[in-house]
Amino acid sequence: MNHTVSLSVRVDGRKITFDSGCISFRFEKERYTPYTTLRAKWHCPRGDIFGEIDEVEFKIDGVTRHHGYPVSCGVEHGAKSAVLSIESRGFSAALAQNQCADGMMTDVNLESLMAAGEAFPEVDYQTDTPEVNYVNYYNATSSWEAVVCYAIRASGYYPYIAGCNTVRIEPPEDYGELIINSKDLIYRGHFSDHSKIISRITEKDVDGTPDAFEAENLFAAQAKIVRRREIPFDHEWIMDSEAGLGYMIDYSMRGKDADVFRYFGCSELELTDFFTVEDIDFYGEVSRLIIEGSPASGIVTTVWCYHDNYCY
């Protein structure tokens, strides 16, 4: 199956689009990462780019997959052509790089929560989200941590980036699904990662009393993992410390177990869509998506389906 790819950059206020000349690219988005990433190399006419690049957009089959800023970029000018190398993060990365003002907000949903802080260009938010009675941010909580704390309380679901830069706190009702057969796979794999798992957390109360709250991880005990944490009182969960500790345990389990599939081509598959391999009865939620391409290999997609406390 043939696909088209294009790269656009803004140089000194001028948008330049390259519809051909791709040398290689790697696009990735992941369930617990609040931005997409792109690494790309592109042939471009010599002399087209002499200036500072401040915006990057990448499309597959006319659909924008990535829109962000350059982490690093460079152009090597040869006698007849030039090669542009770019590493970029989606604009939603700003959520992890900015801090909320300390304090409590009451009766908030996602839109009012984000409207109270910095305005982030090109970042959108799920609308009509549930209202919670309070959120409390303390000691340099990042804007993304604020979203996470709100989302866990509002929906019990870990937030994620849909599309390029849209924050969602739960999957849409009209989720997508890709159904293939094992004969279409390049490979199937299974991976485990227990490096982040916390076995027990104890927390002081607001007066500093040790071990006032605690949470145990039953999976860690069964897996013979001992990784204990002691923390001060967490003001973000000021009215429900037990729920806060439960979230910390759940988050430490992220990506602990995963099925991985690789196949030629790509589709408009999204995070939290479902991936089905029909003839082996596999059905999983997309948790990580990597799309790579080059003229030699074409486009190849790798799908990770995590099995943890937020992904199924």
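Along each chain, residue indices are assigned from 1 in the same order as the chain's sequence is written. Local features in a predicted model are, by the rule used here, given only for residues with pLDDT of at least 70; side-chain atom pairs are given and counted only at 80 or more, and totals for whole chains, interfaces and linings are based on all residues. Computation of side-chain values: all heavy atoms of the structure, hydrogens and water removed.

Draft legend 1. Molecular detail of the pattern of salt bridges. In what follows, salt bridge is the name for a side-chain nitrogen of Lys or Arg lying within 4 Å of a carboxyl oxygen of Asp or Glu. Evaluated as defined, the whole model comprises 16 salt bridges. Between Asp-54 and Arg-10 there is a salt bridge, with its nearest N and O atoms 2.9 Å apart. Of this pair, Asp-54 sits in strand S5 (residues 53–60) while Arg-10 sits in strand S1 (residues 5–11), and the two are 44 residues apart along the sequence. The cut-offs for exposure are 20% and 50% of the maximum accessible area for each residue type, with area from a 1.4 Å probe on protein chains only; residues under the lower value are buried, those over the upper are exposed, and the others partly exposed. A relative accessible area of 32% places Asp-54 in the partly exposed class. Salt bridges linked by common partners bring Arg-26, Glu-28, Arg-262, Arg-288 and Glu-292 together as one network. Numbered from the N terminus, helices here are DSSP runs of H or I no shorter than four residues, and strands are runs of E no shorter than two.

Draft legend 2. Local environment of the layout of surface pockets. Cavity and pocket criteria rest on a 1 Å grid covering protein atoms alone: a 1.4 Å probe that fits but cannot get out defines a cavity, protein on both sides within 12 Å along at least 5 of 7 lines defines an open pocket, and an atom within 4 Å of a point defines a lining residue. Grid points are joined across faces, edges and corners, and a volume is the space filled by probe spheres set on the points. What the largest pocket holds in volume is close to 450 Å³. If you trace the largest pocket, you find 19 residues lining it, with Thr-141, Glu-145, Asp-234, Glu-236 and Met-248 closest to the centre. The set of elements that each furnish at least two residues to the lining of the largest pocket consists of helix H3 (143–155) and helix H5 (241–252). The element contributing the most residues to the lining of the largest pocket is H3, with four residues. In this count, Pro and Cys sit with the nonpolar residues alongside Ala, Val, Leu, Ile, Met, Phe, Trp and Tyr, while Asp, Glu, Lys and Arg are called charged and the others, Gly among them, polar. Its residues placed into classes, the lining of the largest pocket shows 13 nonpolar, three polar and three charged.

Draft legend 3. Region of interest: the environment of Val-148. The topology assignment puts Val-148 in helix H3. Taking the C-alpha atoms as reference points, Val-148 and Tyr-160, 12 residues apart in sequence, are found 9.1 Å from one another.

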